[in-house]
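One letter stands for each residue in the lines below.
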Amino acid sequence: MKVLVVEDEQGLAESITDYMSKEGYVCETASTFREADERIYLYNYDCIIVDLTLPDGDGFQLIQSLKQFSATTGIIIISARNALEDKLKGLEIGSDDYLTKPFHLSELNARVKSLLRRRQFGGHTEIRFQEITVVPQSRNVYVSGQHTTLSRKEYDLLLYFLSNADVALTKVSIAEHLWGDNIDSADSLDMVYSHIKNLRRKLLEKGSGDYIRSIYGIGYKFGLP
Ligand code: CA
């Protein structure tokens, strides 16, 4: 997997590439708009991580030109700008995710993983994990071929788990995934708990293995025991 990091703060660019390289990604960096623009014209990337404020240009413009060359590259915006307009604009022009600085590198890594997995899912009509099958087009879920009725949030939660298999997810990131920015922390953390409890019960009832584990003090992880 090849990742381009477009970031003019050198320290941050280095910590991202160090971290991502250790995670097994091939990382390249660009510290200016011009350099980044040239790279995306010349090379293919699975994902680009792009800062919005560059010394010689704007990250949004870069995303727009990237979209012309490669529609398949995943795009994650990293920015100190926390305005809703920026987030919306980013999504509108085709970026996949938006992370506000400062952030934990593990969070960035989780987002990149999830993005790449979602993109991989895109090529398939079904997502499978052991005896669980999800058909995204119809939002149907089966356990060993048996249909399972899930609520919308339980379904979203299952898909989020599947696209982050073996990744420790914090309760907050799960809440953000389910409710976006409109989360009221205490309430939504309780709701995460109850949605997980229900999802787990419904899957177990149909004979699924027990794949949701809680990690004390952190959150949850979905995967083989
Ligand atoms: Ca910057």
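Residues numbered from 1 in each chain as written. Predicted model: local features only at pLDDT ≥ 70, side-chain atom pairs only at ≥ 80, totals over all residues. Heavy atoms only, no water.

As annotated in an unreviewed UniProt entry, the protein is Two component transcriptional regulator, winged helix family from Fibrisoma limi BUZ 3.

**A few points about the layout of surface pockets**
The computed volume of the second largest pocket comes to approximately 160 Å³. Around the second largest pocket sit Tyr193, Ile196, Lys197, Arg200, Arg201, Ile212, Arg213, Ser214 and Tyr220, which together line it. Only helix 8 (185-205) and strand 13 (212-215) provide two or more residues apiece to the lining of the second largest pocket. Considering each element in turn, the lining of the second largest pocket owes the most residues, 5 residues, to helix 8. Looking at the lining of the second largest pocket, its residues break down into 4 nonpolar, 1 polar and 4 charged. (1 Å grid on protein atoms, 1.4 Å probe; cavity = no way out; pocket = protein on both sides within 12 Å on 5 of 7 lines; lining within 4 Å. Points joined across faces, edges and corners; volume = space filled by probe spheres on them. Helix = DSSP H or I, 4+ residues; strand = E, 2+ residues; numbered from the N terminus. Nonpolar A, V, L, I, M, F, W, Y, C, P; charged D, E, K, R; others polar.)

**With respect to the coordination of the calcium ion**
Protein-derived ligands of the calcium ion are Asp8 (OD), Asp51 (OD) and Thr53 (O), with the metal-ligand distances lying across 2.1 to 2.4 Å. For the calcium ion, the donor residues sit on a single chain with the sequence spacing D-x42-D-x1-T. Using a relative accessible area of 4% as the deciding quantity, one classes Asp51 as buried. Of the residues examined, Thr53 reaches a relative accessible area of 46% and is grouped as partly exposed. (Donors = N, O, S within 2.8 Å, 3.2 Å for Na, K, Ca; no water. Buried < 20%, exposed > 50% of the residue type's maximum accessible area, 1.4 Å probe, protein only.)

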